Amino acid sequence: MALGRGALRHSAGYVLEYDAAVPDEPVSPYLHVLFHGASRIESHAPPVFARRQWANSTREACLFVCDPIHMHTRGSNCGWFLLGEDEFMAQLLALRESIMREYGLTGTVWHGLSSGGYAALKYWMRAGADDLAFVTAPHDDPTVLWQWKEYAAPFLHLPHWGAPVPTTRQMDEWLTPGVRRYLHAMVNEKEAYYALAHLRPIMNRIGYGEGARAVRLNNGRDHGFMSDADYEAQLTRAIADWERHRADAPAPHKAVGGQR
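Source: prediction; values computed, not measured.

(A) Region of interest: the packing of aromatic side chains. Enumeration according to the criterion identifies 11 aromatic pairs in this entry. Consider the rings of phenylalanine 134 and tyrosine 231, whose centres lie 5.1 Å apart with planes at 85°: the pair is edge-to-face. Placement of the pair is phenylalanine 134 in strand β6 (residues 132–136) and tyrosine 231 in helix α7 (residues 228–247), with a sequence separation of 97 residues. Relative accessible area serves as the criterion here: at 6%, tyrosine 231 is assigned to the buried category. Centroid distance tyrosine 193 to tyrosine 194: 5.3 Å. Interplanar angle 75°. Geometry classified as edge-to-face. Using a relative accessible area of 40% as the deciding quantity, one classes tyrosine 193 as partly exposed. On the basis of relative accessible area, tyrosine 194 is assigned to the buried category, the value being 9%.

Here you go:
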């Protein structure tokens, strides 16, 4: 294994903790970046990392990221990775790029649950590459959720809070024409609110075409509770669909007779 625990630092004093690991022989050429959702931080010792128990986490190149709000206050368990976003986004994208370059990785899978899904979609779009977004019950507009009023609103006075722009509006500004990115989004069986109020607008905006898939799992589970078996099965399917989507990319235009 290489890399390890580290931290990105903001000029205002905020800290974004991460844990990065690349095995000597990864089972795939992809970097998996994992954003956690709401976490009851009183029962954890921050930093908090999503799906650290994932069976493949020691066989894949992984970058686990902790929401900076967890390192700043125990009064919030959900910050949508907005605190210090103005500096952390560029730093995290640069870290991703350096890991991929150093280890010869060829793509990124952006994982995220709920508020972490909101962050994963933002980074997936901002990276500007043909990456895979693999998200569970992602948020469209965080400000309409009760969690926003309880876990974000009390801290909005802090400097360098990023604007909670709805995902659908971000897509209007950030979708990159010609990039063969892929979206695989999931909701559990009892997540009707997230399916209708959040995921449906996102899917309507991106389109239900060859570059996106939405899946409702018939698992009897509520928000945030997905089995490891379901997660692994859906990820395998998502990567296969993404690989086919990338392989179907049209060939670059070639100049003829010295003209473009």
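The rest of the description comes next.
(B) The arrangement of the side chain of histidine 10 in detail. Secondary-structure assignment places histidine 10 in the loop between β1 (2–9) and β2 (15–22). Side-chain polar atoms of histidine 10 contact the backbone nitrogen of alanine 12, separated by 2.9 Å. Setting aside its immediate chain neighbours within four residues, histidine 10 contacts Gly84, Asp86, Glu87, Phe88 and His160.

Reading the values: the criteria
- Residues numbered from 1 in each chain as written.
- Predicted model: local features only at pLDDT ≥ 70, side-chain atom pairs only at ≥ 80, totals over all residues.
- Heavy atoms only, no water.
- Phe/Tyr/Trp six-rings, centres within 6.5 Å; stacked < 30°, edge-to-face > 60°.
- Helix = DSSP H or I, 4+ residues; strand = E, 2+ residues; numbered from the N terminus.
- Buried < 20%, exposed > 50% of the residue type's maximum accessible area, 1.4 Å probe, protein only.
- Polar contact = N/O pair within 3.5 Å; in protein donor to acceptor, adjacent residues only side chain to side chain.
- Contact = heavy atoms within 4.5 Å.

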